[in-house]
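# Overview (structure and organization)
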Amino acid sequence: MSDLALQVGQTASPEATLFWILAPLTFLAALGMLLVKKAVHSAILMAFVMVALAIFYIAQGAPFLGIVQIVVYTGAVMMLFLFILMLVGVDSSDSLTETIRGLRPIAIMAALGFGGLMVSLLARATLGRTAVGVEAANADGNVQGIAQLLFSTFVWPFEVVSALLITAALGAMVLAHHHRIQERPTQRQLSIERFRGESLANAAGLPAPGVFARHNAVDVPALLPDGTASVASVNASLKARGDVLDPSQFELSSIDTRVEEEK
Amino acid sequence: MNAANYLYLSALLFTIGAVGVVVRRNAIVVFMCVELMLNAANLSFVTFSRINGDLNGQVIAFFTMVVAACEVVVGLAIIVTIYRSRRSASVDDASLLKR
């Protein structure tokens, strides 16, 4: 029988122990990535999967790839993901309602079909010759072996990949470049606009937010002389986010002002 | 233990990634699922390199990592650009051509 089987040590070898502990955890983390609602939690689980894969690479005689996996994936790529998550909004969670009807059952059925096909295929696959470990190829050292291949057989793909990296970096810069649609107004223009505008109501600037004895942050509007809240005194983006507090909760009448008698 | 067990794990991870790409709607999560699929393929490459006893598989996995890094850079730049104009990172919201 010359199937894909490559016996690595006995059933209770260290690698088997490593695999049977780490592989279920990796599988669960990947599954969790699919099921958790928040994108940040997905990112954390993804980082775990990547570190686990790095450990698998090192266990399989690919220490160079293992280190590269940690440096490039968990170091650079995951940080990039988290950075973009922070930019887009950490608490942006997916609504898990389906927009295309029947998509989820179909996806799960297709996944079961595909996964079953792959697993049964792997179980039946044969190599056609006896499997050997990577120890002989790693005899001169893993890094040396990879370098030898990279700079002889694969030197042309290696150069193409470097061009690809530069192109990707340039592309990202072009995409991230941001043109202002309008010129930024200068202080002089703003001043002219204020005094030559339709009314002089805001000539001295907009009113400041409320200052109360118990709260003086920018999220509480100031009170007008008649007791109503001044809409112009809080930032428009705070209003749009719904982060404006109601000033009536800081009124004197709502506070217990009785002084307790000393006993 | 059989080294082919790594291949089964790789197949499962790839399947999970594929389902994630189809089911999830947050563009960043979809992207992470694509990364998961690439990583699963890498695990296969490394395992086959071991079964075959030469390092070509590891070199290919190395190239996959580089291409994945490029893909992440450009893809995240696209997500940021879309987010900037539409204030949403959902893949369902970018449907102007449909209407």
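This structure is a prediction, so every number in the text was calculated from the model and none was measured.

## Here's the deal with the overall build of chain A
Assigned secondary structure in chain A consists of 8 helices and 0 strands. Burial statistics for chain A: of 263 residues in total, 27% are counted as buried. A separation of at least 24 residues holds for 50% of the contacts in chain A among residues at least 6 apart in sequence. As displayed, chain A has an accessible area near 17,900 Å², and 65% of this comes from carbon and sulfur atoms.

## Considerations on the environment of alanine 169 of chain A
All names here are of chain A. In this fold, alanine 169 is placed in helix α6 (residues 155-176). Classification of alanine 169 as partly exposed rests on a relative accessible area of 35%. Distance in space between the C-alpha atoms of alanine 169 and valine 134 is 35 Å, their sequence separation being 35 residues.

## Description of the interface of chain B and chain A
Between chain B and chain A, the residue contacts involve 67 residues of the former and 90 residues of the latter. Counting each side, the surface lost to burial between chain B and chain A is near 7,100 Å², with a carbon and sulfur contribution of 74%. Applying the counting criterion to the chain B and chain A interface returns 1 salt bridge. The closest approach of N and O atoms between arginine 50 of chain B and glutamate 15 of chain A, which form a salt bridge, is 2.9 Å. A per-element tally of the side of chain B that touches chain A places helix α3 (residues 56-86) of chain B first, with 22 residues. Looking at the side of chain B that touches chain A residue by residue, the classes come out as 46 nonpolar, 14 polar and 7 charged.

## Focus on the UniProt feature "transmembrane region" (unreviewed entry) in chain B
All names here are of chain B. Under the feature "transmembrane region" (unreviewed entry), the UniProt entry names residues 6-23, 28-48 and 60-83. The span residues 28-48 carries 100% helix and 0% strand; its end-to-end C-alpha distance comes to 30 Å. In the segment residues 60-83, helix accounts for 100% and strand for 0%; the C-alpha atoms at its two ends are 34 Å apart.

## So, helix α4 (residues 103-124) of chain A
The periodicity of an α-helix, 3.6 residues per turn, causes residues three or four places apart in sequence to face the same way. For α4 of chain A, with 22 residues, the first-to-last C-alpha span of 31 Å sits near the 32 Å given by 1.5 Å per residue. All buried positions along α4 of chain A are accounted for by Ala107, Ala111, Gly115 and Leu122 of chain A. The buried residues of α4 of chain A occupy an angular sector of 60° when the element is viewed end-on, so they sit on one face. Residues of α4 of chain A that are exposed and angled more than 90 degrees away from the buried face: Ile106, Met109, Leu112, Leu117, Leu121 and Arg124 of chain A. Here the buried face of α4 of chain A lies against α1 (4-23) of chain B.

## Regarding the packing of helix α1 (residues 14-35) of chain A against α1 of chain B
Two elements in contact, α1 of chain A and α1 of chain B, have axes separated by 9 Å at closest approach and are oriented at 5°. Relative to α1 of chain B, the element α1 of chain A lies roughly parallel. Residues Glu15, Phe19, Trp20, Ala23, Thr26, Phe27, Ala30, Leu31 and Leu34 of chain A of α1 of chain A touch α1 of chain B, and the partners they reach there are Asn5, Tyr6, Leu9, Leu12, Leu13, Ile16, Val19 and Gly20 of chain B. Residues belonging to the contact of α1 of chain A with α1 of chain B are distributed by class as follows: 13 nonpolar, 3 polar and 1 charged.

## Overview of a nonpolar patch on the surface
Residue and element names in this part refer to chain A. A surface patch of nonpolar side chains, amounting to about 440 Å² of accessible area, comprises Phe151, Val155, Trp156 and Val160. Tracing the backbone through its elements, the reader meets valine 160 in helix α6. Residue class for valine 160 comes out partly exposed when judged on its relative accessible area of 41%.

## Describing the nonpolar core
Core analysis: the largest hydrophobic core is formed by 66 residues, its most contacted members being Phe56, Tyr57, Leu65 and Phe81 of chain A together with Ile28 and Met32 of chain B. Those elements that place two or more of their residues in this core are α1, α2 (39-59), α3 (63-88), α4 and α5 (142-150) of chain A together with α1, α2 (27-52) and α3 of chain B. In terms of residue count, the dominant contributor to this core is α3 of chain B (12 residues). Apart from residues no more than four positions distant in its own chain, tyrosine 57 of chain A is found in contact with Ala62, Pro63, Leu65, Gly66 and Gln69 of chain A together with Asn39, Asn42, Leu43, Val46 and Met65 of chain B. Counting 6 residues, the second largest nonpolar core, distinct from the first, contains Ala3, Ala4, Ala11 and Ile51 of chain B.

## Topic: the packing of aromatic side chains
Counted under the stated rule, the structure contains 10 aromatic pairs over all chains. Between phenylalanine 56 of chain A and tyrosine 6 of chain B, the aromatic rings sit 5.4 Å apart at their centres with planes inclined by 75°, giving edge-to-face as the arrangement. Taken together, the residues phenylalanine 56 of chain A in helix α2 and tyrosine 6 of chain B in helix α1 connect one chain to another. The exposure class assigned to tyrosine 6 of chain B is buried, which follows from its relative accessible area of 0%. Pairing phenylalanine 114 of chain A with phenylalanine 14 of chain B gives two aromatic rings, centres 5.8 Å apart and planes at 40°, and the pair type is tilted. In this pair, phenylalanine 114 of chain A is assigned in helix α4 and phenylalanine 14 of chain B in helix α1, connecting two distinct chains. Given the relative accessible area of 27%, phenylalanine 14 of chain B is considered partly exposed. Grouped by ring-pair contacts, the aromatic residues Phe19, Trp20 and Phe56 of chain A together with Tyr6 of chain B constitute a single cluster.

The rules behind the values
Residues numbered from 1 in each chain as written. Chains lettered and ligands numbered in written order. Predicted model: local features only at pLDDT ≥ 70, side-chain atom pairs only at ≥ 80, totals over all residues. Heavy atoms only, no water. Helix = DSSP H or I, 4+ residues; strand = E, 2+ residues; numbered from the N terminus. Buried < 20%, exposed > 50% of the residue type's maximum accessible area, 1.4 Å probe, protein only. Contact = heavy atoms within 4.5 Å. Areas by Shrake-Rupley, 256 points an atom, 1.4 Å probe, with all protein chains shown as cover. Buried area = accessible area lost by both parts, 1.4 Å probe. Salt bridge = Lys/Arg side-chain N within 4 Å of Asp/Glu carboxyl O. Nonpolar A, V, L, I, M, F, W, Y, C, P; charged D, E, K, R; others polar. UniProt positions renumbered as here; feature names shortened; annotations may be inferred. Expected span 1.5 Å × (residues − 1). Arc of directions from axis to C-beta. Axes fitted to C-alpha atoms, helices over the stretch in contact; angles between N-to-C directions. Parallel < 35°, antiparallel > 145°, perpendicular 65-115°, else oblique. Patch = residues over 30% accessible without salt bridge, like charges linked within 9 Å, V, L, I, M, F, W, Y side chains within 5 Å. Core = buried A, V, L, I, M, F, W, Y, C linked by side-chain atoms within 4.5 Å. Phe/Tyr/Trp six-rings, centres within 6.5 Å; stacked < 30°, edge-to-face > 60°.

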